[in-house]
Amino acid sequence: MPTKKIKFIAGFAVIIVCLLVLVVSSSQKMAMYYFTVTALEAREVDFVGKHIKLAGKVVPGSIEKTDGGRTVVFQVWEPLSNPEGTFSDKRSVRYSGVIPDTFRDESDVVLEGKMGADGVFTAETLLAKCPSKYQSQSFEDMKKAHGQTSDY
Amino acid sequence: MLAQLGNFVLWLAVFTSVFATIMAIFAGRTRRLDLTLSAERAVYATFGLCLTAMGILEYLFVTDSFNVFYVATHSSRDLPTIYKFTAVWSGMQGSLLLWAFVLSGFACFAALKTRAFRGPLASYATSIMSFTQVFFLLLIGVHENPFELLPNMPPDGSGMNPLLVHPAMAIHPPMLYLGYVGFIVPYAFAMAALLSKQLDEEWIRTTRRWTIVPWFFLGTGQLLGGKWAYVVLGWGGYWGWDPVENAALLPWLTGTAFLHSVMIQEKKSMLKVWNMALIILTFTLCIYGTFLTRSGVVSSVHAFAQSPIGPWFGAFVALIVVFSAALLSLRLDILKSKTQYESPISREGGFLLNNLLFLTATFAVFWGVMFPVISEAVTGEKITVSAPYFNAVMVPIGLLLLLLTGVGPLLAWRKTSGKSLQKHFTGSGLFGLLCGIVLAIWGVRDIYALLSFVFSGFVTATIVSEFHRGAKARGSSAGESYFQALINLTSRNRRRYGGYIVHFGIVLLFIGFTGNAFNKDSEIELEYMQSASIGPYTLTYEGVSETVNPLTADIVAQLGVYKDENRLGTMWPHQKVYYKRQDQQRTTEVAIRSNLREDLYVMYQGIDSRDGKEVALFHFYLNPLVMWVWIGAWVLTAGTIVVMWPNPRDQERRRRALGLPESQEAVA
């Protein structure tokens, strides 16, 4: 192999290694644990005071605006995958900041923040996914609603 | 009735595309003209049928045919007609149909364009495109049929999500699809080249333009999505490194790498395997992006319906990877290139570095998106990364790419002498540094921002000097005026100078992105006629009013904007309540005052009381340089049009290369 080619490959290899180190080290430095409501339940003790992500569904009727409307306190839970359709335990959340339009009862939310020693999760960011009326309404549901009745 | 017809047409299209696939494979193997022709006709028929299906669905939407389940769940009587039209692709079923329709359009256009040189290459490409068409149409027919009927007609549909009722959102999905789907053309021709062993540069010449088109649409689609997020979602930004955004970015990155490295193959017959790998990767990422958004593998804020089609897409991605990799490895020995690199400081070296950086960027984004999945598989715990990770990695890579944008095009092929480097880069380099020094004195301290401005200045200077030198040389040799020479220069070398314009658009985008380093925001509570400041602006709260419209109740806050005691104008951030909807959905409508320097972006969050006094709640953002992102997008568009504009001389050269008779126009 000509030395020119070796130099060439070595040069590129150095660049690639540097860039990969950048990618991997940044991802480790900035990684955040991601829990669902139930998963956090089990690991709660280990994660008090640590920066984590928490995903769940807003408990209907639990949203309360306090502190003049800028802060919301609400609860999240998640549907358990069992035939009875029951939900997990609830977790209280406090959040101050811009409240997205999509945040309301039954929204899927992803929160970033810290677990307090009191069991309340203080969120710094709140992302909410619409509980789309149409998506929760399945074809079967609609067939039931508009099928048997023949008033129109 | 019409819905049944739509369904029938859909299945007929499945049939014609299966037929086209089989005929095209046999045509490729036997080179028989009759088979080739019948494959072509089947492709045209598929396009006609998809067009009809799309037309029927549009008609069903526009005529409020709520007995169709998909229409009932995605439209409503009160939706303006234009949005009924675009509501077709606001859900899964319709977007898949749009996808299939766009695909059939590309396949049809490709068949029309390749009539001049029918042969195994074109035939195999047709078979690949038709096979993909079969996959999509079957998926629609079996799993996501938009023509499914309800037994009875509901009185009204449940409507489109108000957040989606926005012009940018109406054209954003079709743009993205034109991008995603369009990459099938270069992919199909690459695979056809492997299948037919016609591995000269013919497939690259055929598909070069085809790559720029989807590349452009994919980029524009993302920018439109960003614009929508900025104006509608109201969190003050346009890009959040959400998995769905990243999914669209991935094929764009590899596609950009491909667009560049393909030039080495054209000029030097090198990198043949690499280019194949790149186009395979790009198309795979296009399908993977769809898989990602539809399968629920990673959680995203985008409200896409998850559906059982996730595994189908997963299987399809796997099929593409296995098929393409197997085919590529079978042909490896024919793809060996004979030419060697001479020097790293050359155009080739620049392109290689460009590819390296784009692929690292792709890997970094992919790594970030898949991090939760990977970590869960390895450690059993789900660990995520978000915007800080992406910024930490992508900003340095982006800056290196920006620098390379200036350096690369000025390097000579094979090797560049020190003298020529000095000649080309002294002036531009000094100009960039000067920009940096001025800004540093002016108070810019962020190191990445300074680098970005220095590089932007440098790249702009290189582009301007390229145009200037070209025009001066042409002007003196052809005796044209400077301006005339500039125009002729560009129109005679569209790829080169159009490329520079695209690069300049990229520079402007970077300038806009850099503005993020200086964003400010604050939460403000104001009593009536009270003021607050952000940056150079002072805003005075002048009351709130409510108006009731047919669809919404608008709660409008009024703010007077002042700068140095002068009133600049009034801003009306407001909230809309869709009071007729069951869920009483609210949307926040931000007010934005843009100029070239910065955007003043104001959000109204409602009224509250403080110790018995009424206060209005606002969120103010000051986002510098955002306007340059949109200007950059327009420049990018202009540059792409220059590159794409058909050049009669190119076509003539190509016809001659293929041994075809000269066209009438050229003779005349």
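Every value quoted in this text rests on a predicted model; they were computed, and no experiment measured them. (Residues numbered from 1 in each chain as written. Chains lettered and ligands numbered in written order. Predicted model: local features only at pLDDT ≥ 70, side-chain atom pairs only at ≥ 80, totals over all residues.)

## Points about the overall build of chain A
Right, on to step 1. Counting its regular elements, chain A contains four helices and seven strands.
Right, on to step 2. Beginning at the N terminus, the succession of helices and strands in chain A can be written as α-β-α-β-β-β-β-β-β-α-α.
Right, on to step 3. The burial tally for chain A puts 28% of its 152 residues in the buried class. (Helix = DSSP H or I, 4+ residues; strand = E, 2+ residues; numbered from the N terminus. Buried ≥ 20, exposed ≤ 12 C-beta atoms within 10 Å, placed from the backbone.)

## Details of the overall build of chain B
Right, on to step 1. When helices and strands are tallied, chain B shows 22 helices and 11 strands.
Right, on to step 2. Its C-alpha atoms give chain B a radius of gyration of 27 Å, within 12% of the compact-globule value 26 Å for 668 residues.
Right, on to step 3. A principal-axis box enclosing the C-alpha atoms of chain B has dimensions of 85 × 75 × 65 Å.
Right, on to step 4. Considering only residue pairs separated by 6 or more positions, chain B has 71% of its internal contacts joining residues 24 or more positions apart. (Rg over C-alpha atoms; globule rule 2.2 N^0.38 Å. Contact = placed C-beta atoms within 7 Å.)

## Re the confidence of the model for chain A
Residue and element names in this part refer to chain A.
Right, on to step 1. Scored by pLDDT, chain A comes out at a mean of 77, with 81% of its residues at no less than 70.
Right, on to step 2. By mean pLDDT, helix H3 (residues 133-136) is the weakest element of chain A at 40, and strand S5 (residues 91-96) is the strongest at 90.
Right, on to step 3. Taken as a whole, residues 147-152 scores under 50 in pLDDT and shows six contacts with residues more than four places along the chain or in a different chain. (pLDDT = per-residue confidence, 0-100.)

## Things to note about unusual backbone geometry
Right, on to step 1. Of note, the phi angle at B:Arg31 is positive, near 60 degrees, even though the residue is not glycine.
Right, on to step 2. Tracing the backbone shows B:Arg31 in the loop between helix H1 (2-30) and helix H2 (33-62).

## Notes on the packing of helix H16 (residues 418-442) of chain B against helix H17 (residues 447-478) of chain B
A packed helix pair is summarised by two numbers, namely the angle formed by the two axes and the spacing between the axes.
Residue and element names in this part refer to chain B.
Right, on to step 1. At their nearest, the axes of H16 and H17 sit 7 Å apart, and the two run at 145 degrees to each other. Seen from above, H16 lies across H17 with right-handed handedness. Residues Gly 427, Ser 428, Gly 429, Phe 431, Gly 432, Leu 433, Cys 435, Gly 436, Leu 439 and Ala 440 of H16 form the contact with H17, whose own contacting residues are Leu 450, Phe 453, Val 454, Phe 455, Gly 457, Phe 458, Ala 461, Thr 462 and Ser 465.
Right, on to step 2. Among the residues making up the contact of H16 with H17, the classes are represented as 11 nonpolar, eight polar and no charged. (Axes fitted to C-alpha atoms, helices over the stretch in contact; angles between N-to-C directions. Left-handed = near helix turned anticlockwise from the far one by under 90°. Nonpolar A, V, L, I, M, F, W, Y, C, P; charged D, E, K, R; others polar.)

## Brief notes about the nonpolar core
Residue and element names in this part refer to chain B.
Right, on to step 1. Core analysis: the largest hydrophobic core is formed by 173 residues, its most contacted members being Ala 100, Ala 125, Ile 184, Ala 188 and Ala 192.
Right, on to step 2. Per-element accounting of this core gives the leading share, 14 residues, to helix H5 (residues 92-113).
Right, on to step 3. What Ile 184 contacts, discounting residues up to four positions off in sequence, is Leu 103, Phe 106, Met 129, Thr 132 and Phe 283. (Core = buried A, V, L, I, M, F, W, Y, C linked by C-beta atoms within 7 Å.)

## Description of the sheet that holds strand S10 (residues 598-610) of chain B
Residue and element names in this part refer to chain B.
Right, on to step 1. Pairing is antiparallel in the open sheet, where four strands are placed in the order S2-S11-S10-S9. Strand pairing shows two members of the sheet lacking a second neighbour, strand S2 (520-526) and strand S9 (591-594), which therefore form its edges. Here the strands of the sheet are splayed against their neighbours by 20 degrees on average, with no regard to which way each runs. (Pairing = 2+ DSSP bridges.)

## A word on helix H10 (residues 243-268) of chain B
For an α-helix, 3.6 residues make a turn, and residues three or four places apart therefore share a direction.
Right, on to step 1. The terminal C-alpha atoms of H10(B), which comprises 26 residues, lie 38 Å apart, in line with the 38 Å expected from a rise of 1.5 Å per residue.
Right, on to step 2. Judged by how many residues are buried, H10(B) sits mostly within the fold: 19 of 26 residues are covered. (Expected span 1.5 Å × (residues − 1).)

## Looking at the pairing of S5(A)
All names here are of chain A.
Right, on to step 1. The two faces of S5 differ: Arg 91, Val 93 and Tyr 95 on one face are buried, but Ser 92, Arg 94 and Ser 96 on the other face are not.
Right, on to step 2. Strand direction decides the pairing type here: S5 and strand S7 (residues 121-129), joined by three bridges, are parallel. Across the sheet, residue Val 93 finds its bridge partner in S7, namely Phe 121.

## A word on the packing of H5(B) against helix H7 (residues 167-182) of chain B
Residues and elements named next belong to chain B.
Right, on to step 1. Put simply, H5 and H7 touch, their axes get as near as 9 Å, and they point 50 degrees apart. The orientation of H5 with respect to H7, classified from their angle, is oblique. Where H5 crosses over H7, the handedness of that crossing is right-handed. Contact residues: Ser 95, Leu 98, Trp 99, Val 102, Leu 103 and Phe 106 in H5; Pro 173, Pro 174, Tyr 177, Leu 178, Val 181 and Gly 182 in H7.
Right, on to step 2. Here the contact of H5 with H7 is built from residues that sort into 10 nonpolar, two polar and no charged. (Parallel < 35°, antiparallel > 145°, perpendicular 65-115°, else oblique.)

## Some remarks on helix H14 (residues 347-379) of chain B
Right, on to step 1. Its maximal kink placed at B:Met370, H14(B) deviates by approximately 60 degrees, while the proline B:Pro372 follows within four residues.
Right, on to step 2. Downstream of H14(B) by one or two residues, B:Gly380 has phi in the positive range, about 85 degrees. (Bend = angle between axes of the 7 residues up to and from the residue.)

## Describing the environment of B:Ala638
Right, on to step 1. In this structure, B:Ala638 sits in helix H20 (residues 626-644).
Right, on to step 2. Expressed as a C-alpha distance, the spacing of B:Ala638 and B:Gly498, which sit 140 residues apart in the sequence, is 8.1 Å.

## Let's talk about the environment of A:Pro79
Residues and elements named next belong to chain A.
Right, on to step 1. Tracing the sequence through the fold places Pro 79 in the loop between strand S4 (71-77) and S5.
Right, on to step 2. You can call Pro 79 exposed: it has 11 C-beta atoms within 10 Å.
Right, on to step 3. The residues contacting Pro 79, other than those within four sequence positions of it, are Lys 57, Gly 85 and Phe 87.

## What to know about the pairing of strand S1 (residues 32-36) of chain A
Right, on to step 1. Sheet topology note: the S1(A)/strand S1 (residues 383-384) of chain B ladder contains two bridges and is antiparallel. Within S1(B), the residue paired with A:Met32 across the bridge is B:Thr384.
Right, on to step 2. Sheet analysis places S1(A) next to strand S2 (residues 51-58) of chain A, joined by four bridges and oriented parallel. Of the residues in S2(A), the one forming a bridge with A:Thr36 is A:Ala55.
Right, on to step 3. Between the parallel pair S1(A) and S2(A), the chain is carried across by helix H2 (residues 37-47) of chain A, and the sense of this crossover is right-handed. (Right-handed = clockwise from strand over helix to strand, strands pointing away.)

## Some points on the confidence of the model for chain B
All names here are of chain B.
Right, on to step 1. Of the residues in chain B, 94% reach a pLDDT of 70 or more, and the chain-wide mean stands at 87.
Right, on to step 2. Ranking the helices and strands of chain B by mean pLDDT puts H2 first, with 94, and helix H22 (residues 664-667) last, with 39.
Right, on to step 3. This stretch, residues 662-668, has a pLDDT under 50; its non-local contacts, to residues over four places away or in other chains, come to seven contacts.
Right, on to step 4. In the model output, the complex is listed with pTM 0.89 alongside ipTM 0.80.

## Considerations on the environment of B:Leu249
Residue and element names in this part refer to chain B.
Right, on to step 1. One can find Leu 249 in helix H10.
Right, on to step 2. C-alpha separation for the pair Leu 249 and Leu 218, spaced 31 residues apart in sequence, amounts to 8.2 Å.
Right, on to step 3. The contact partners of Leu 249, leaving out residues within four places of it in the chain, are Gln 222 and Val 365.

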